[in-house]
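Chain by chain, the residues:
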Amino acid sequence: MICFNCKGNGFLRLRFESEQAIEQCQVCNSSGEVKDDEYYSQSWDDGLGSCSVYYGPPLEAEGDEGFKNYKIYPIKASDRF
Ligand SMILES: [Zn+2]
């Protein structure tokens, strides 16, 4: 599945005023893809003013109106058992 965080690029373009920086994507470890069977912390605005939080396999949030401000977070080493 394409990594939502970097849109499959493997990196993020960050802009600080006039400077541009490249940051490697930590969600997919620069691979551009997330694994369907890995668990990720995710959050989004459900449109009713509350924030939904979900921990599980990556959701199909691209282009879905129900997932406003959708974010997927890197797997932290501490989350692994
Ligand atoms: Zn990524």
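The structure under discussion appears in the preceding block.
Given the structure is predicted, the values throughout are model-derived calculations rather than measurements.

1. Topic: unusual backbone geometry
Okay, step 1: Within the chain, Asn-29 stands out as a residue other than glycine whose phi angle is a positive 55°.
Okay, step 2: Positive phi, close to 55°, is recorded for Asn-69, a residue that is not glycine.
Okay, step 3: One can find Asn-69 in strand 5 (residues 68-72).

2. Re the nonpolar core
Okay, step 1: Formed by Cys-3, Phe-4, Cys-6, Cys-25, Val-27, Cys-28, Val-34, Tyr-40 and Ile-72, the largest nonpolar core amounts to nine residues.
Okay, step 2: Not counting the four nearest positions on each side in its chain, Val-27 is found in contact with Cys-3, Asn-5, Val-34, Ile-72, Tyr-73 and Pro-74.

3. Remarks on the environment of Val-27
Okay, step 1: Among the secondary structure elements, Val-27 is positioned in the loop between strand 2 (19-24) and strand 3 (40-45).
Okay, step 2: With 22 C-beta atoms counted inside 10 Å, the residue Val-27 sits in the buried group.
Okay, step 3: Taking C-alpha positions, Val-27 is 7.5 Å from Cys-3, a pair spaced 24 residues apart along the chain.

About the criteria used
Residues numbered from 1 in each chain as written. Predicted model: local features only at pLDDT ≥ 70, side-chain atom pairs only at ≥ 80, totals over all residues. Helix = DSSP H or I, 4+ residues; strand = E, 2+ residues; numbered from the N terminus. Core = buried A, V, L, I, M, F, W, Y, C linked by C-beta atoms within 7 Å. Buried ≥ 20, exposed ≤ 12 C-beta atoms within 10 Å, placed from the backbone. Contact = placed C-beta atoms within 7 Å.

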